[in-house]
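# Analysis of the macromolecular model
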Amino acid sequence: MKAEMIANTYQFLLNGEWRESLSGKTIENQSPSDNTPVGSVQAMTENEVNLAVTGAKAAQKDWANLSFSERAELLYAWADQLLEMKEEIAETIMKEVGKGYSSAEKEVVRTADFIKYTAEEGKRIHGELINGGSFNAGSANKLAMVQREPLGVILAISPFNYPVNLSAAKIAPALIAGNAVVFKPATQGAISGTLMVRALDKAGLPSGLVNLVTGKGSEIGDYLTTHPSIDLINFTGGSETGEYISKKASMIPVILELGGKDPAIVLNDADLEKAAGDIVGGGFSYSGQRCTAIKRVLVLDEVADALVDKLKDKIKALEVGMPEDNATVTPLINEKAADFVQQLVDDAVGKGATPLTDIRREGNLVYPVLLDNVTVDMTVAWEEPFGPVLPIIRVQNIEEAVIIANESEYGLQASVFTKNVEQAIRIGSELEVGSVQINGKTERGPDHFPFLGVKNSGLGAQGIRKSIESVTREKVTVLNMS
Ligand code: G3H
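Rules behind the numbers
- Residues numbered from 1 in each chain as written.
- Predicted model: local features only at pLDDT ≥ 70, side-chain atom pairs only at ≥ 80, totals over all residues.
- Heavy atoms only, no water.
- UniProt positions renumbered as here; feature names shortened; annotations may be inferred.
- Buried < 20%, exposed > 50% of the residue type's maximum accessible area, 1.4 Å probe, protein only.
- Helix = DSSP H or I, 4+ residues; strand = E, 2+ residues; numbered from the N terminus.
- Pairing = 2+ DSSP bridges.
- Contact = heavy atoms within 4.5 Å.
- Axes fitted to C-alpha atoms, helices over the stretch in contact; angles between N-to-C directions.
- Phe/Tyr/Trp six-rings, centres within 6.5 Å; stacked < 30°, edge-to-face > 60°.
- Lys NZ or Arg CZ within 6 Å of the ring centre and 35° of its normal.
- Polar contact = N/O pair within 3.5 Å; in protein donor to acceptor, adjacent residues only side chain to side chain.
- Domains from an automatic or database assignment.
- Buried area = accessible area lost by both parts, 1.4 Å probe.
- Salt bridge = Lys/Arg side-chain N within 4 Å of Asp/Glu carboxyl O.
- Near = heavy atom within 4 Å.
- Areas by Shrake-Rupley, 256 points an atom, 1.4 Å probe, with all protein chains shown as cover.
- Nonpolar A, V, L, I, M, F, W, Y, C, P; charged D, E, K, R; others polar.

The name given to the protein in an unreviewed UniProt entry is NADP-dependent glyceraldehyde-3-phosphate dehydrogenase, with the source organism recorded as Virgibacillus necropolis. Check the Sequence similarities (unreviewed entry) section of the UniProt entry for the protein; it says "Belongs to the aldehyde dehydrogenase family."

In structure tokens, the structure reads:
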């Protein structure tokens, strides 16, 4: 039987029941590698979306009444179920979003670890007592009891590139804090997300506490993000969509994890071997389809040739091919993404950039591109390719590097490579980003570190403790003593 005949159709979870949509419509996901069908998800109607949100709202109160340790039990069981389903989920991630198999497996394990740490951290969330007399003597009879309470229903919208990890990274903190969740995965990635919800369901998910919504964002997105029973939107994805969502979401908080144009700034005294290894690892893993990928190198002219030689060697050694073969650089998520990368490269080469690798493309597979002598008039100096392209911008001094780094619309992370740590800290303090990595590649983890972007890279903070705090509000009860 041909693959297209046997690809599965997946149901959505609504108030404890796995269902097909009354729309009668499904959306087929195809493998980015060869367009073979991976499976189909339901195209839900607005009415079904409404049931998902109102069902979550109804389930939230009982859940919030449980203790932290009772809620933690569900999270531990979920992590166990995910690990039991590790191979099935990793294989689905691999097929659905074209991630190398071992990276897909690591994603599942990282997610289980994330969930378990979240359960532990949730147990450590506590309030405080504030004595009124610290402000003025006349208020000494007042005692404020400050506690954290859940916001209500969290809308979690996840991207294609970490269809399990970045979904659970929204759902687990919401649950441990006592919220209910409506989970809308990116359509490409929705099958992996569905399996993750199956694991949660098997773990004993109370009916309605997490409802799964699938369908095209263009059809149900506005309805979902403006639903009056949503209390916070947590979105990871493109900056344009993030901005759109934040405009739509009036009077409710949003957490946005958006794009980046993370620079690696390489100074004259850097360990070039280490810098080159981190830059290639940071720039090309999962074909550069990570918000935290290194997306430009700002290198001082004096060491540029030496660095470029090392980068060339390391790029040559990258495995390019199919996710099944565990390649690092694999086909991009779709044709549009590959076309976009190609345009950026063509624009740069047309304006005088020097390609140091063969420019080659087979379908959605774009071979890694190293571009030297990139200048600020080239689009690739500013746009996020979300693909395997690394532009080298040679700079005369540190000030120029900082200016170019900060001219970006984005401000997620930056790396500074130098043996002079004091200098790195000084440069870091001038960089308009959420995190600075000294002598290391840009990356989100470890997952308990705060993770945030400034400018068009995001709003709000994540990282396990921050993520829990972000889905709670402080409630103050003042005791006026006689
Ligand atoms: O794509 C955005 C992710 O948050 C990046 O996570 O640095 O662990 O790859 P990562």
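Anyway, onward from the coordinates.
### Some details on the pairing of strand E8 (residues 153-158)
With respect to burial, E8 is a largely interior element, 6 of its 6 residues being buried. With burial as the criterion, each face of E8 is covered, one bearing Val153, Leu155 and Ile157 and the other bearing Ile154, Ala156 and Ser158. Bridging between E8 and strand E9 (residues 180-185) involves 6 bridges; their strand directions are parallel. Paired with isoleucine 154 across the bridge in E9 is valine 181.

### Observations regarding the sheet that holds strand E12 (residues 254-257)
Spatial strand order, E10-E9-E8-E11-E12-E25: 6 strands in an open sheet with mixed pairing. Each edge of the open sheet is held by one strand with a lone partner, namely strand E10 (210-212) and strand E25 (458-459). Across the sheet, helix H2 (residues 46-65) touches E8, E9 and E10, and the angle it forms with E9 is around 150°. Strands in contact with helix H6 (residues 165-176) are E8, E9, E10, strand E11 (232-236) and E12; relative to E8, the strand with the most contacts, it is inclined by about 170°.

### Here's the deal with the packing of aromatic side chains
One pass over the structure, following the stated rule, counts 1 aromatic pair. Measuring from centroid to centroid gives 6.1 Å for phenylalanine 160 and phenylalanine 386, while their planes differ by 75°, and the two rings are edge-to-face. Of the two residues, phenylalanine 160 is situated in the loop between E8 and H6 and phenylalanine 386 in the loop between strand E18 (369-372) and strand E19 (389-395); the sequence distance between them amounts to 226 residues. The class for phenylalanine 160 is buried, based on a relative accessible area of 16%. Relative accessible area serves as the criterion here: at 21%, phenylalanine 386 is assigned to the partly exposed category. A cation over an aromatic ring shows up here: arginine 71 above the ring of phenylalanine 68, its NZ or CZ 4.6 Å from the ring centre.

### Describing the UniProt feature "domain: Aldehyde dehydrogenase" (unreviewed entry) in the protein
Feature annotation in UniProt assigns "domain: Aldehyde dehydrogenase" (unreviewed entry) to the following positions: residues 18-475. As a span, residues 18-475 carries 41% helix and 22% strand, and end to end its C-alpha atoms are 36 Å apart.

### Description of the UniProt feature "active site" (unreviewed entry) in the protein
Under the UniProt annotation, "active site" (unreviewed entry) lies at Glu257. For glutamate 257, the position within the fold is in strand E12. With residues near it in sequence (within four places) discarded, glutamate 257 still touches Leu166, Lys170, Phe235, Thr236, Gly237, Cys291, Arg444, Phe451, Ser457 and Gln462. Polar side-chain contacts of glutamate 257 include one of 3.2 Å to the side chain of threonine 236.

### Focus on the environment of glycine 127
Assignment of secondary structure puts glycine 127 in the loop between helix H5 (101-123) and strand E6 (128-131). On a C-alpha basis, the gap between glycine 127 and glutamate 149 in space is 9.8 Å, while along the polypeptide they are 22 residues apart. Excluding residues within four positions of it along the chain, glycine 127 makes contact with Val146 and Gln147.

### A closer look at the domain arrangement of the protein
Splitting the protein by domain gives domain 1 (5-258 + 459-477) and domain 2 (262-444). Put simply, the middle of domain 1 and the middle of domain 2, counted by C-alpha atoms, are 31 Å apart. The interface of domain 1 with domain 2 comprises 20 residues on the first partner and 17 residues on the second. Summed over both partners, the interface of domain 1 with domain 2 buries about 1,600 Å², with 54% contributed by carbon and sulfur atoms. In this structure, the connection of domain 1 to domain 2 is made through 0 salt bridges.

### A few points about the site of the ligand
Around the ligand lies a shell formed by Arg110, Asn161, Tyr162, Leu166, Glu257, Arg290, Cys291, Thr292, Glu443, Arg444 and Phe451. Contact between the ligand and arginine 110: an oxygen atom at 2.8 Å from a side-chain N or O atom of the residue. For the ligand, the protein covers 97% of the area, taking 310 Å² as the surface of the free molecule. Residue composition of the shell around the ligand, by class: 4 nonpolar, 2 polar and 5 charged. Here the shell around the ligand spans two domains, since at least three of its residues come from each of domain 1 (5-258 + 459-477) and domain 2 (262-444).

### What to know about the pattern of salt bridges
On inspection of all chains with the given rule, the structure shows 25 salt bridges. A salt bridge links aspartate 447 to arginine 110; its shortest N-O distance comes to 2.8 Å. Here aspartate 447, found in the loop between strand E22 (435-438) and strand E23 (451-452), pairs with arginine 110, found in helix H5; they are 337 residues apart in sequence, far enough to count as distant. In this structure aspartate 447 comes out as buried when scored by relative accessible area, which is 15%.

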